[in-house]
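Spelled out from the first residue to the last, the chains are:
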Amino acid sequence: MSLSFANSIAVQSRARTLVPLCVGAGAYLFFLFVGDTLLQDSDSFWQIKIGQWILDHGAMPTNDLYSFTRTGAPWISTSWLSQVMFAFSYAQWGWAGPVILTAVGMALSVAILVHLLDAQIEAPRAVLFAMLALLLALHHVLARPHILALPVMVAWVGLLMAAADRRSAPSWTWLPLMALWANLHGGFVLGLALIGPISLEAVEHAEKGKRLQLFLRWVLFGIGALVASCCTPYGWKTLMGATGILGLGELLSVIFEWMPANFATFTAFEGALLGLIALGYYRGLVLSAPRIFLILFLTWSALTHVRSIDAFAFLVPLVLAKPLGEMFGRPPADATGSDRWAARYLTALGALMIVAASWTSTSLYMNHHRFTFTMTQTPVAAVDLLEKLKVQRIFNAYQFGGYLISRDIPVFVDGRAELYGEKFVMDFFKATEGKKPELLPRLLDEYKIDATLLVADAPGPQILDQLKGWKRIYADDIAVIHVRENADGGATTSSK
């Protein structure tokens, strides 16, 4: 009887290892089904364009190739590997490629999160945290490099927290994760920044006689991680490029993903903060000083920039995992028995079936669904007209920059804000949003603009309607075109 019970525990424990894969497969199928919502940011266009340039030339871009306002200016791609992956997938399968890559990135993220949490808390609670993380991150799930780096971020921080929970130093074999992260996305600087406070968690709970030695091991690991982050085609310049955007000052407050969180209406993030406070009070959750600092830092980051809500959603559960495990009780350890190998084979077979089912579902869905980019970011008809008129210099809306780059048309501005700088982009926004309309004619003359391509419902087109020397020649629900007038009042549309 006892042997049968032990074998049952072993099988159940092995079957539990399928939970992360099941959750990941569910997330993958969900994002595949809503794949069109992942194609809403025009930055995806220039990300793919740069990736294709890298594939075509077998080299890394070191200066601007796509604007006429910053032509030749120094610029590096801190997400080159993600861009190559997106470009390759797009070349193979059209927009289905980036959608599938994005869905896989989210699936891996939640699967890794559930796997890491399962070591400390019961599977149902781990799955609940993963679902809450997905809910919080939904606003920022787009076909862009940060999604491909998300599973690396979760794995990196999870492994560091696991080492701290064991009161030991991280393994040097984890450093390739940092190198991978640095090639995928500039957010790797967060992984470097978190090494310090996580190391304090490990040192604080270590035996007194071993604290100094453990601290030195963490310091060496931190130095190794810094070196690993420079293992990119750009070397140490990757670190400089990744931190450059943080110096854009006022500009960060007008770009949506860099805006501070807005609590004017109730959001999932607001609910998560209130729930976290309620949990602390209701259950009397006691945390060490380093864990409190980590949660406060992640909360501050999310409050400062909405794009950091992703990190808050996926990393706070990892920080809370051990204290919650001690509060609620840990899952039972794997039992040993003669059926242990049978349980492993069952797990492997189940994993293969889940992967096969996901791939089959993908093939069936792609056979009758064509993914398309959101129309509000793609002024197709307007750009067709501009190409027909052979216009050379287009004063384009910020969100149209990516699409113009995909059409091989030099842009005035695009999503690479760090390339253009704070003053340039702020002047552009103030001019086109009506905050300083007197800037608009100055910019048009300074950069010898032939035509403007602005958002239909923005103040810019209305300002141009009243501006002498400019004539509206096209408008639809997406974009409006104005061109310079000739001396006789006709439109100047020929190339210079």
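Positions within a chain are numbered from 1, following the residues in the order the chain's sequence is written. Only residues with pLDDT of at least 70 get local features here, since the model is predicted, and only at 80 or more are side-chain atom pairs given and counted; chain-wide, interface and lining totals rely on the full set of residues. In computing side-chain properties, one takes all heavy atoms of the structure into account and sets aside hydrogens as well as water.

What follows concerns the packing of helix α6 (residues 123-137) against helix α15 (residues 309-328). Helix axes use the C-alpha atoms of the stretch in contact, all axes being lines fitted to C-alpha atoms, and the angles between their N-to-C directions lie in the range 0 to 180 degrees. Here a strand is any run of E in DSSP of at least two residues, a helix any run of H or I of at least four, and the numbering for each starts at the N terminus. Relative to each other, α6 and α15 sit at 160°, their axes nearing to 9 Å. As judged from the angle between their axes, α6 and α15 are roughly antiparallel. Crossing angle aside, the handedness with which α6 passes α15 is right-handed. Residues R125, F129, A133, L136 and A137 of α6 touch α15, and the partners they reach there are I309, D310, F312, A313, F314, P317, L324 and F328. Of the residues that constitute the contact of α6 with α15, the class distribution is eleven nonpolar, no polar and two charged. Working definition: roughly parallel below 35 degrees, roughly antiparallel above 145 degrees, roughly perpendicular at 65 to 115 degrees, and oblique for all remaining angles. By the definition used in this description, the sense in which the near helix is turned from the far one sets the handedness, with an anticlockwise turn below a right angle giving left-handed and a clockwise turn giving right-handed. In this description, contact between two residues means that some pair of their heavy atoms is separated by no more than 4.5 Å. The classification used treats Ala, Val, Leu, Ile, Met, Phe, Trp, Tyr, Cys and Pro as nonpolar, Asp, Glu, Lys and Arg as charged, and all other residues, Gly among them, as polar.

All right, on to the nonpolar core then. We call a set of buried Ala, Val, Leu, Ile, Met, Phe, Trp, Tyr and Cys residues a nonpolar core when their side-chain atoms join them within 4.5 Å. Think of it in three bands: residues with accessible area under 20% of the maximum for their type are buried, residues over 50% are exposed, and the middle band is partly exposed, with areas taken using a 1.4 Å probe on protein chains only. Within the largest apolar cluster, 152 residues are counted, with the highest numbers of intra-cluster contacts made by W156, F314 and L453. It is helix α7 (residues 145-165) that contributes the most residues to this core, 13 residues altogether. In contact with W156, other than residues within four places in its own chain, are W174, L175, L177, M178, W181, G191, I195, F221 and A225.

On to the pattern of salt bridges. What makes a salt bridge here is a side-chain nitrogen of Lys or Arg within 4 Å of a carboxyl oxygen of Asp or Glu, nothing more. Per the stated rule, a full pass over the model turns up 16 salt bridges. Between D41 and R144 there is a salt bridge; the shortest N-O distance is 2.8 Å. Note that D41 is positioned in the loop between α2 (18-33) and α3 (43-57) and R144 in the loop between α6 and α7, a separation of 103 residues in sequence. Classification of R144 by relative accessible area gives buried; the value is 6%. For K49, the salt bridge goes to D408, with nearest N and O atoms at 2.6 Å. Taken together, the residues span a long stretch of sequence, with K49 in helix α3 and D408 in the loop between α18 (401-406) and α19 (417-420) at a distance of 359 residues. The class of K49 is partly exposed, set by a relative accessible area of 21%. Among the charged side chains, a salt-bridge network with shared partners connects D41, R144, E257 and R307.

A separate point is the sheet that holds strand β4 (residues 479-484). Sheet strands associate in pairs through backbone hydrogen bonding, adopting either a parallel or an antiparallel arrangement. Here, strands pair whenever DSSP counts at least two bridges between them. Taken in spatial order, the four strands make up an open sheet running β1-β2-β4-β3, and their pairing is mixed. Each edge of the open sheet is held by one strand with a lone partner, namely β1 (394-396) and β3 (470-475). Across this sheet, the average inter-strand angle for adjacent strands is 20°, counted without regard to direction. Where β1 lies against strand β2 (residues 451-455), three bridges are found, and the strand directions are parallel.

As a further point, take the environment of F429. Within the element layout of this structure, F429 appears in helix α20 (residues 422-432). As a C-alpha pair, F429 and L440 span eleven residues in sequence and 9.6 Å in three-dimensional space. Leave out the neighbours within four places in its chain, and F429 touches L251, V254 and Y398.

Here we come to the environment of G209. Mapped onto the fold, G209 is located in the loop between α10 (195-204) and α11 (211-229). Its relative accessible area of 75% is what places G209 among the exposed residues.

Time to look at the layout of surface pockets. Cavity: a set of points on a 1 Å grid over the protein atoms alone where a 1.4 Å probe fits but cannot get out. Pocket: an open set with protein on both sides within 12 Å along at least five of seven lines, its lining residues, like those of a cavity, having an atom within 4 Å of a point. Grid points are joined across faces, edges and corners, and a volume is the space filled by probe spheres set on the points. Space inside the second largest pocket adds up to approximately 470 Å³. F129, L132, A272, G275 and L276 are, among the 21 residues lining the second largest pocket, the residues nearest its centre. Grouping the constituent residues of the lining of the second largest pocket by class yields 18 nonpolar, two polar and one charged.

Here we come to the confidence of the model for the protein chain. Scored from 0 to 100, pLDDT reflects the predictor's confidence in each residue. In the predicted model, the protein chain carries a mean pLDDT of 89, and the fraction of residues at 70 or more is 91%. Within the model, the stretch residues 1-11 combines pLDDT values under 50 with nine contacts to residues more than four positions away or in other chains.

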